[in-house]
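Coordinate inspection notes
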Amino acid sequence: MFPEFREQIADMRANDRHFSRLFEQHNALDHEIKNLEDRRTPSLHTQIEKLKKEKLLIKERLYTMLKGCTNGTAPA
């Protein structure tokens, strides 16, 4: 995720607890989605879509935080 921010991600994960927590949530959702998709059960489709939306919201927040640091501002 965001290879152009690889160094910033490592720095923010080490120094920003909120960013680190969001990053871990994103990864946990990614694993959960993959596990549910592997089951290939149609009844899980709604749950998978909900998790994907949640994951996307977190990814957008992470990106906003990364862009804020790129512009020289402190993360929110």
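Residues numbered from 1 in each chain as written. Predicted model: local features only at pLDDT ≥ 70, side-chain atom pairs only at ≥ 80, totals over all residues. Heavy atoms only, no water.

**A short note on the nonpolar core**
- Within the largest apolar cluster, 17 residues are counted, with the highest numbers of intra-cluster contacts made by F2, I9, F19, L62 and L66.
- When near neighbours in sequence (up to four residues on either side) are disregarded, I9 contacts M1, F2, F19, F23 and L66. (Core = buried A, V, L, I, M, F, W, Y, C linked by side-chain atoms within 4.5 Å. Buried < 20%, exposed > 50% of the residue type's maximum accessible area, 1.4 Å probe, protein only. Contact = heavy atoms within 4.5 Å.)

**Regarding the pattern of salt bridges**
- Inspection of the entire model under this criterion finds four salt bridges.
- R13 is the salt-bridge partner of E24, the closest N and O atoms lying 2.3 Å from each other. Here R13 lies in helix α1 (residues 6–15) and E24 lies in helix α2 (residues 17–39), a separation of 11 residues in the sequence.
- With a relative accessible area of 36%, E24 lands in the partly exposed category.
- Between E37 and K52 there is a salt bridge whose closest N-O contact spans 3.1 Å. With E37 in helix α2 and K52 in helix α3 (residues 45–70), the pair connects residues that are 15 residues apart, well separated along the chain.
- A relative accessible area of 35% places E37 in the partly exposed class.
- Beyond isolated ion pairs, a larger network of salt bridges with shared partners links D30, K34 and K55. (Salt bridge = Lys/Arg side-chain N within 4 Å of Asp/Glu carboxyl O. Helix = DSSP H or I, 4+ residues; strand = E, 2+ residues; numbered from the N terminus.)

**Let's talk about the packing of α1 against α2**
- Packing of α1 against α2 leaves a shortest axis separation of 6 Å and a crossing angle of 110°. Put simply, α1 runs roughly perpendicular to α2. For the pair α1 and α2, the crossing hand works out as left-handed. From α1, I9, M12, R13 and N15 reach across to α2, where they touch R17, F19, S20, F23 and E24.
- For the contact of α1 with α2, the class distribution of residues is four nonpolar, two polar and three charged. (Axes fitted to C-alpha atoms, helices over the stretch in contact; angles between N-to-C directions. Parallel < 35°, antiparallel > 145°, perpendicular 65-115°, else oblique. Left-handed = near helix turned anticlockwise from the far one by under 90°. Nonpolar A, V, L, I, M, F, W, Y, C, P; charged D, E, K, R; others polar.)

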